[in-house]
Amino acid sequence: MITEEQIAYFQTFGFLVLRQAFQLDEMGAISQKFDELLDKERDGQPFPGESRQSLYGIAESTPLLTDLVEDDRIYKTVESLLGEGFMWLCSEGNLYVGDTDWHPDGTRLDYRPMKVSLYLDPLTKETGCLRVIPGSHRTPLHETLKPWAQFGLPGTEVPCFPFESQPGDVFFADMNTWHASFGGRVGRRHLAVNFVPKPTTAADITLLKENHQGVLNLIERLQYSQPGRAFSDAFLHSDRPRIQRLTAKWVELGLE
């Protein structure tokens, strides 16, 4: 699905953009289902816009979005970037509020999670698009940035790559990459499906379990409902071969 040059680009900079990977009619159906599920999570009440709303397990909950997980445009690209045997981590649907300061999604340099993002609204540098610092997923830059998280500059002036996007664009990112967002409207929509490489050591399994606990913590903090688990039985025990491969280790470890 992607070239050796694109793989090298991802390894060097920590992200890869596939422009207009999905057609407008596909994105319309995805957007409609996204809105329906987040509205349901709020019991049909209007989004108050006071704090971020997140719905974890969104792709696991409905066939249309599960289709997205195993679609070649995502599945084969992730396989090219993470290697065979990569695993599921989680999915999330987000309605954002306000700016997001510069940060990585944790620091896991020895076992690197990947976030695959679809933004469901047009976004520019001035209207809340994702901004990333190229190469900040790698040492020494990743660690060097930590004490200088505010950079001594307004967040909007930090040198970066702005991922200005239209619905249909897909953004693949190493979660260690430093990123931020500024100037977006309340309720801008983000759908993400997240993966981890195949675990090959005991340390990888430890980090895998920590990632799972991290998802449960986010559910507790950001989600309206509290299912007490990260996955559904239907997803964990799917009859779809690709989903089975993604979840097999979770089943083996007895984690939900």
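Refer to the structure printed above.
Residues numbered from 1 in each chain as written. Predicted model: local features only at pLDDT ≥ 70, side-chain atom pairs only at ≥ 80, totals over all residues. Heavy atoms only, no water.

S.K.: I would appreciate a short explanation of the overall build of the chain in the present structure.
M.R.: The helix and strand tally for the chain stands at eight helices and ten strands. Relative to its length of 256 residues, the chain is compact, with a C-alpha radius of gyration of 17 Å against a globular reference of 18 Å. Taken along the three principal axes of its C-alpha coordinates, the chain extends 50 × 45 × 35 Å. Long-range pairs, those at least 24 residues apart, make up 86% of the contacts in the chain between residues at least 6 apart in sequence. Split by element, the accessible area of the chain, about 11,800 Å² in all, is 52% carbon and sulfur. (Helix = DSSP H or I, 4+ residues; strand = E, 2+ residues; numbered from the N terminus. Rg over C-alpha atoms; globule rule 2.2 N^0.38 Å. Contact = heavy atoms within 4.5 Å. Areas by Shrake-Rupley, 256 points an atom, 1.4 Å probe, with all protein chains shown as cover.)

S.K.: What is the right way to look at the packing of aromatic side chains in this model?
M.R.: What characterises a pair of aromatic rings is the spacing of the ring centres plus the angle enclosed by the ring planes. Tallying each qualifying case throughout the model produces twelve aromatic pairs. Look at F15 and F161: their rings are 5.0 Å apart centre to centre, the planes differ by 20 degrees, and that puts the pair in the stacked class. Residue F15 is located in strand β1 (residues 15–18), and its partner F161 is located in strand β7 (residues 161–163); the two are separated by 146 residues in the primary sequence. Look at F15 and you get buried, because its relative accessible area is 1%. Plain terms: the ring middles of F15 and F171 are 5.6 Å apart, the flat faces sit at 15 degrees to each other, and that makes the pair stacked. With F15 in strand β1 and F171 in strand β8 (residues 170–174), this residue pair connects regions lying 156 residues apart in the sequence. An identical accessibility class is assigned to F15 and F171; each is buried. (Phe/Tyr/Trp six-rings, centres within 6.5 Å; stacked < 30°, edge-to-face > 60°. Buried < 20%, exposed > 50% of the residue type's maximum accessible area, 1.4 Å probe, protein only.)

S.K.: What's the story with the nonpolar core in this structure? I'm lost.
M.R.: Generally speaking, soluble globular proteins have nonpolar side chains that are buried together. Ranked by size, the top nonpolar core spans 55 residues in total, and within it I74, V78, W88, V116, F172 and F195 carry the most contacts. For this core, the element with the most residues is helix α6 (residues 202–222), which contributes six residues. In this structure, I74 is in contact with F22, L68, V69, V116, L118, F172, V193 and F195, ignoring residues within four places of it in sequence. Counting residues in each nonpolar core, the second largest holds ten residues, with V17, Y119, V132 and A173 among its members. (Core = buried A, V, L, I, M, F, W, Y, C linked by side-chain atoms within 4.5 Å.)

S.K.: How should the sheet that holds strand β3 (residues 87–96) be read in this particular structure?
M.R.: Backbone hydrogen bonds are what pair the strands of a sheet, in a parallel or an antiparallel way. Taken together, the six strands give an open sheet; going across it, the order is β1-β8-β5-β10-β3-β2, and neighbouring strands pair in antiparallel fashion. Here the strands that pair on one side only, and so sit at the sheet edges, are β1 and β2 (53–56). Sheet twist, expressed as the average angle between the axes of neighbouring strands with direction ignored, equals 20 degrees. With nine bridges connecting them, β3 and strand β10 (residues 188–196) associate as antiparallel partners. Of the residues in β10, the one forming a bridge with G93 is L191. (Pairing = 2+ DSSP bridges. Axes fitted to C-alpha atoms, helices over the stretch in contact; angles between N-to-C directions.)

S.K.: What's the story with the packing of helix α3 (residues 63–70) against helix α4 (residues 72–82) in this structure? I'm lost.
M.R.: Helix packing for two helices is described by the angle between their axes and how far apart those axes are. Between α3 and α4, whose axes approach to 5 Å, the crossing angle comes to 35 degrees. Contact with α3, carried on its side by L68, V69 and E70, involves D72, I74 and Y75 of α4 and no other residues of that element. Residue classes in the contact of α3 with α4 are distributed as four nonpolar, no polar and two charged. (Nonpolar A, V, L, I, M, F, W, Y, C, P; charged D, E, K, R; others polar.)

S.K.: What is the right way to read the pattern of salt bridges from this model?
M.R.: When the charged atoms of two side chains lie near each other, side chains of opposite charge can form a pair. By the definition in use, this model includes 18 salt bridges. Salt-bridge contacts for K115 lead to E92; the nearest nitrogen and oxygen are separated by 2.5 Å. Taken together, the positions of K115 in strand β5 (residues 114–119) and E92 in strand β3 put the pair 23 residues apart, joining distant regions of the chain. For K115, a relative accessible area of 14% corresponds to the buried category. Linked through salt bridges whose partners overlap, the residues forming this network are D35, D121, R185 and R189. (Salt bridge = Lys/Arg side-chain N within 4 Å of Asp/Glu carboxyl O.)

S.K.: I'm lost on the sheet that holds strand β9 (residues 179–181) in this one. Help?
M.R.: Spatially, four strands are ordered β4-β9-β6-β7 in an open sheet, and the strand pairing comes out antiparallel. A strand with exactly one partner marks an edge of an open sheet, and here the two such strands are β4 (100–103) and β7. Averaged over neighbouring strand pairs, the angle between their axes works out to 25 degrees when direction is ignored. Pairing analysis gives three bridges linking strand β6 (residues 130–132) to β7, with the strands arranged antiparallel. Its bridge partner being in β7, L130 is matched across the sheet by F163.

S.K.: Explain the packing of α3 against helix α8 (residues 241–253) to me, please; I cannot follow it from the model alone.
M.R.: Two elements in contact, α3 and α8, have axes whose closest approach is 9 Å; the angle formed by their N-to-C orientations is 75 degrees. For the element pair α3 / α8, the angle class is roughly perpendicular. Every residue of α8 that contacts α3 at T66, V69 and E70 is listed here: R242, I243 and L246. The residue inventory of the contact of α3 with α8, partitioned by class, reads three nonpolar, one polar and two charged. (Parallel < 35°, antiparallel > 145°, perpendicular 65-115°, else oblique.)

So yeah, pure geometry; function would need other evidence.
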